[in-house]
Amino acid sequence: MDAQQQPKEALPTNASTLNTSQTDQPLYTPSMIEDERRAQLAVNLAALGTSFLVLFGIIAIVQGRLSIGYVLIGTATLTALTATTLRHFNQLHRAGLIGMLILWLLAQYLLLTGAIEGTGAYYSFPLAMLMILLIGPRVAVFASLLYMATMTAGLYSELAWVHDYSATEKSRLIFAKFILLSMLTVSEYTRLMSYKKIAFTSEAHRQTTLKDPLTGALNRKGITVLTEKWTKSQQATIALFDLDHFKNINDQYGHKAGDDTLIAFAELAQQNTKGQDAFARWGGEEFLLILPDTKLHDASTLVERIRHQLEQHIVQSHDHLFSVTCSVGLAYMARADLFDTTLKLADELLYVAKNQGRNQLVSSAKHRVGYLSPTSRPYRTGTADNG
C-alpha cells in the first residue's frame with residue numbers, strides 16, 4: 001500500500017527519539033568513534049611521550065644536567081600514572097584536560113628555560129601541537145591565548161631562569177607559535193564541524209529505520225528498541241487498534257485513499273498522546289499504542305476518546321469524502337517481561353471487538369480471555385484481516 005504514495009515528512013512521534021541498544025546500533029556510532037579516537041590518542045601519546053621523556057631525562061642526568069633530567073622523568077611518571085588511572089576509570093574528558101595541562105606546562109618550561117643551550121624551544125612546538133589535538137577547538141582557544149600570553153610575558157621578563165634569547169629570536173618564536181596554534185585550532189574546529197555533520201546524518205538515518213515512512217509513527221523495530229530500555233518493573237497499558245473494513249476503502253476508493261486513511265488516523269492518535277507514550281504502526285492497518293505507567297481505567301478514557309474522534313472524522317482523498325472506524329483491544333502490563341503476553345491479550349481482545357460488531361473498545365478489565373488456552377486465537381504478526 002505504501003508504494004502508492006510518496007512518504008511524508010516524519011511526524012513528531014512521542015518516544016521516537018530514543019537511543020538504540022547495542023544490538024540495534026552499528027558496531028560504532030560517530031560519537032563512539034570520536035570517544036575512541038580521543039582515548040586512543042591520549043594512550044598512544046602517553047606511551048610514546050613517556051618513552052621519549054624518560055630517554056631524554058636519563059641523557060640529561062648522565063650529562064650532569066640534573067634539574068632538566070628530573071623534570072623530564074617526573075613529567076613522564078606523572079603522565080603515565082594519569083593516563084593509566086583515567087583510562088581505567090573511563091574518564092576520557094578529564095584525561096584530555098590533565099594531559100593538556102601537562103603538555104602546556106612542559107612546553108612552557110622547555111621554551112622559557114631553553115633546556116639545553118636553547119634547544120628546548122624546538123621541542124616545545126610538537127608539545128603545543130599535541131596540546132591542541134587532545135582538547136579540541138573550544139578549550140584550545142582559551143589554552144592557546146593563555147599559552148601565548150604566558151610565553152610572551154616570560155620571554156620579555158627579567159627572570160634569571162629564562163633563557164637569554166635575542167630580540168629577533170623572541171619575536172620569531174612568538175610569531176611562529178601564534179601561527180602554529182591558530183592553524184591547529186582552525187583545523188580542529190573544521191574537523192569537529194565535519195564530525196557533527198556526520199553524526200547528524202547518522203542519527204537521521206538511524207531514526208528513519210525506527211519509523212514507518214508513510215505515517216511517521218514508530219515501526220516494530222522502534223518499539224523493540226523502546227522496550228529494551230525498560231526496567232524490569234516497567235508498567236504500561238497496551239492498546240491495539242485495527243481500522244474497520246479497511247479493505248473496502250482500498251477497493252472502493254483506491255490505495256491512495258487507503259494511505260490517506262492511515263495517515264489521518266496516525267495524526268489523530270498522536271495528537272492525543274504525549275510524554276513517554278509510544279505510538280507505532282504495527283502492520284497493515286493495525287496500530288499499537290503503549291501508555292507507560294498508566295492504569296487501565298485512565299488508558300480506557302484516552303483510547304475511547306481516540307476511537308470517538310476517528311468515528312467523527314471525515315477523511316478526504318482527492319474528490320472522495322468518507323469516514324472510518326476502529327476496533328481496539330486494551331490490556332494492562334504489570335511488568336516489562338510480560339510485554340509479549342500482554343500484546344497477545346490485547347490482540348485477542350481486538351478480535352473480540354471485531355466479533356461484537358466493530359467500532360468499539362474491549363478492555364481486559366471487562367472481558368476475560370483465555371489467551372493461554374490451546375484454543376486461543378494465534379497472535380497475529382501485524383497483517384490485519386480484511387475487516
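Quick caveat, the model's predicted, so the values are computed rather than measured. (Residues numbered from 1 in each chain as written. Predicted model: local features only at pLDDT ≥ 70, side-chain atom pairs only at ≥ 80, totals over all residues. Heavy atoms only, no water.)

**Thoughts on helix H9 (residues 255-271)**
For step 1, the next point in the chain: For H9, spanning 17 residues, the distance from its first C-alpha to its last is 24 Å, which sits close to the expected 24 Å at 1.5 Å a residue.
For step 2, the next point in the chain: Burial within H9 is extensive, with 13 of its 17 residues counted as buried. (Helix = DSSP H or I, 4+ residues; strand = E, 2+ residues; numbered from the N terminus. Expected span 1.5 Å × (residues − 1). Buried < 20%, exposed > 50% of the residue type's maximum accessible area, 1.4 Å probe, protein only.)

**Thoughts on the packing of aromatic side chains**
For step 1, the next point in the chain: Overall, the coordinates contain nine aromatic pairs when judged by the stated rule.
For step 2, the next point in the chain: Of the aromatic side chains, those joined through ring pairs into one cluster are Phe241, Phe265, Phe279 and Phe287.
For step 3, the next point in the chain: Just above the ring of Trp282 sits the side chain of Arg220; from NZ or CZ to the centre is 4.1 Å. (Phe/Tyr/Trp six-rings, centres within 6.5 Å; stacked < 30°, edge-to-face > 60°. Lys NZ or Arg CZ within 6 Å of the ring centre and 35° of its normal.)

**Points about the environment of His308**
For step 1, the next point in the chain: Checked against the element boundaries, His308 lands in helix H10 (residues 296-312).
For step 2, the next point in the chain: His308 sits in the partly exposed class, given a relative accessible area of 40%.
For step 3, the next point in the chain: Considered as a pair, His308 and Gln360 are 52 residues apart in the sequence and their alpha carbons are 9.1 Å apart.

**Digging into the packing of H9 against H10**
Each pair of packed helices can be described by the angle between their axes along with the distance between the axes.
For step 1, the next point in the chain: Running from N to C, H9 and H10 cross one another at 140°; their axes reach a closest spacing of 10 Å. Considered as vectors, H9 and H10 are oriented oblique to each other. Remark: the crossing between H9 and H10 carries right-handed chirality. Each of Phe265, Leu268 and Ala269 in H9 lies in contact with H10, whose residues at this interface are Ile306, Gln309 and Leu310.
For step 2, the next point in the chain: A breakdown of the residues in the contact of H9 with H10 according to their chemical character gives five nonpolar, one polar and no charged. (Axes fitted to C-alpha atoms, helices over the stretch in contact; angles between N-to-C directions. Parallel < 35°, antiparallel > 145°, perpendicular 65-115°, else oblique. Left-handed = near helix turned anticlockwise from the far one by under 90°. Contact = heavy atoms within 4.5 Å. Nonpolar A, V, L, I, M, F, W, Y, C, P; charged D, E, K, R; others polar.)

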